[in-house]
Amino acid sequence: MPFVLDCGDLVAHRWTLEDQVLLLRHESYEVYQKDALPKKPIQLTGYSRFTHPAIGQAQAHSFMVDTTEVVDTTEASVRQGLEMGTWVISSGNSLSPQLAQICLALQSSFQVPFVTTNVYISRLDSPITAPLHTDRFDSFIMQTEGAKRWRIFGPGAATPRWPVLDAGMSDRGKAGDVLYLEQVGPLLLDECLKSGEVVYLPRGFPHAFWAEAVSCVRSA
């Protein structure tokens, strides 16, 4: 079942927008310090993308619909993109030793062979950063900066508890598929996750979230 942990300084500010912006700079990668070739903007194609602006405007009801790859990953273009959508870094542990250490710690703690880290950064007060959807993996969501409102529901007839891709069960609420409230189970958790807090999300549990001001009040 989903639950929230307050981990304080173990999580708070461990990864921020400015940390992620550093991934765009050549000096963050040792290979460029040794290379005498002309420096060009680093391309993170395959790792970096933005969600469609319609999601943040509450005009799209499917998560990651019509995603756009970030082509010109400069600091200016990224900050401009954050005004319209959520910046997503997939497999961030492949880019940052700091994120890789988190994955290694989880692998060791749970004795599992593989853990990966995605990073989602949204501007405050976005109406919706992720419409209702499910995932095929268990997650620990670490709120390192700002705050996000999470609503997690129990599985329903249209949302199996343990989806397995190989068995023909896929994610719901993504890539054009819309997941409706009538198709999910009861509301289990409605929390404003603040910096330093962690929510455990079992795979298959429908959820949605949006960014809020840091002063938001947690629901009872």
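Residues numbered from 1 in each chain as written. Predicted model: local features only at pLDDT ≥ 70, side-chain atom pairs only at ≥ 80, totals over all residues. Heavy atoms only, no water.

Participant: I would appreciate a short explanation of the overall build of the protein in the present structure.
Facilitator: When you go through the protein residue by residue, the secondary structure sums to five helices and 11 strands. Taken across its 220 residues, the protein has 44% of its residues classed as buried. For the protein, the proportion of contacts with a sequence separation of at least 24, taken over those separated by at least 6, is 81%. Accessible surface, the protein as shown: approximately 11,800 Å² in total, 56% of it carbon and sulfur. (Helix = DSSP H or I, 4+ residues; strand = E, 2+ residues; numbered from the N terminus. Buried < 20%, exposed > 50% of the residue type's maximum accessible area, 1.4 Å probe, protein only. Contact = heavy atoms within 4.5 Å. Areas by Shrake-Rupley, 256 points an atom, 1.4 Å probe, with all protein chains shown as cover.)

Participant: Help me understand the sheet that holds strand β10 (residues 197–201) in this model?
Facilitator: Two orientations exist for strands paired in a sheet by backbone hydrogen bonds: parallel and antiparallel. As summarised here, the arrangement of the three strands in space is β1-β10-β7, forming an open sheet in which the pairing is antiparallel. Edge positions in the sheet fall to β1 (3–6) and β7 (139–143), since each of these pairs with one other strand and no more. The average undirected angle you get between the axes of adjacent strands in this sheet is 20 degrees. Relative to β10, β1 runs antiparallel, the two sharing four bridges. Paired with Asp 6 across the bridge in β10 is Glu 197. (Pairing = 2+ DSSP bridges. Axes fitted to C-alpha atoms, helices over the stretch in contact; angles between N-to-C directions.)

Participant: Explain the pattern of salt bridges to me, please; I cannot follow it from the model alone.
Facilitator: Side chains carrying opposite charge are able to pair once their charged atoms draw close together. Scanning the model with the defined rule gives nine salt bridges in all. Ionic pairing is found between Asp 177 and Arg 172, a salt bridge with its closest N-O pair at 2.6 Å. Through salt bridges with shared partners, a single network forms among Asp 135, Arg 136, Asp 171 and Lys 174. (Salt bridge = Lys/Arg side-chain N within 4 Å of Asp/Glu carboxyl O.)

Participant: I would appreciate a short explanation of the packing of aromatic side chains in the present structure.
Facilitator: How two aromatic rings sit relative to each other is given by the distance of their centres and the angle of their planes. Summed over the entire model, instances satisfying the criterion amount to six aromatic pairs. On the numbers, 6.3 Å between centres and 25 degrees between planes, the contact of Phe 50 with Trp 87 is stacked. Of this pair, Phe 50 sits in strand β2 (residues 48–50) while Trp 87 sits in strand β4 (residues 87–89), and the two are 37 residues apart along the sequence. Plain terms: the ring middles of Phe 63 and Phe 209 are 6.4 Å apart, the flat faces sit at 75 degrees to each other, and that makes the pair edge-to-face. Taken as a pair, Phe 63 in the loop between α3 (53–56) and β3 (68–69) and Phe 209 in strand β11 (residues 207–212) lie far apart in primary sequence, 146 residues in all. By relative accessible area, which is 4% here, Phe 63 ends up buried. Among the aromatic residues, those joined into a ring-pair cluster are Phe 3, Phe 110, Phe 140 and Tyr 200. (Phe/Tyr/Trp six-rings, centres within 6.5 Å; stacked < 30°, edge-to-face > 60°.)

Participant: Is there a simple way to explain the pairing of β10 in this structure?
Facilitator: Looking along a regular strand, one sees the side chains alternate between the two faces of the sheet. Of all the five residues making up β10, five are buried; the element is thus mostly covered by neighbouring parts of the structure. Along β10, one buried face is formed by Glu 197, Val 199 and Leu 201 and the opposite face, lined by Val 198 and Tyr 200, is buried too. One ladder, built from five bridges, connects β7 with β10; its direction is antiparallel. Bridged to Gln 143 within β10 is Glu 197.

Participant: Even after reading the chapter, I still don't get the layout of surface pockets, so can you show me in this structure?
Facilitator: The method is simple in principle: a probe with the dimensions of a water molecule rolls over the atoms, and the space it marks as empty is what remains. There is about 1,600 Å³ of room inside the largest pocket. Lining of the largest pocket is provided by 48 residues; of these, Asn 118, Val 119, Tyr 120, Phe 140 and Ile 141 occupy positions nearest its centre. Those elements giving two or more residues to the lining of the largest pocket turn out to be α5 (97–110), β5 (119–121), β7, β8 (147–153), β10 and β11. For the lining of the largest pocket, the leading source of residues is β7, giving five residues. (1 Å grid on protein atoms, 1.4 Å probe; cavity = no way out; pocket = protein on both sides within 12 Å on 5 of 7 lines; lining within 4 Å. Points joined across faces, edges and corners; volume = space filled by probe spheres on them.)

Participant: It is not clear to me how α5 should be interpreted in this structure. Could you clarify?
Facilitator: Since the α-helix turns once every 3.6 residues, residues separated by three or four places project in the same direction. The first and last C-alpha atoms of α5 sit 20 Å apart over 14 residues, in line with the 20 Å expected at 1.5 Å per residue. Listed as buried for α5 are Leu 99, Ala 100, Cys 103 and Gln 107. Down the axis of α5, the buried side of the element spans an arc of 100 degrees, and every buried residue falls inside it. Across from the buried face of α5, at angles greater than 90 degrees, the exposed residues are Pro 97, Gln 101 and Ser 109. For α5, the secondary structure elements touched by its buried residues are β5. The N-terminus of α5 is capped by Ser 96, whose side-chain oxygen sits 3.2 Å from the backbone nitrogen of Gln 98. Once α5 finishes, Gln 111 follows within two positions and takes phi at roughly 55 degrees, a positive value. (Expected span 1.5 Å × (residues − 1). Arc of directions from axis to C-beta. Polar contact = N/O pair within 3.5 Å; in protein donor to acceptor, adjacent residues only side chain to side chain.)

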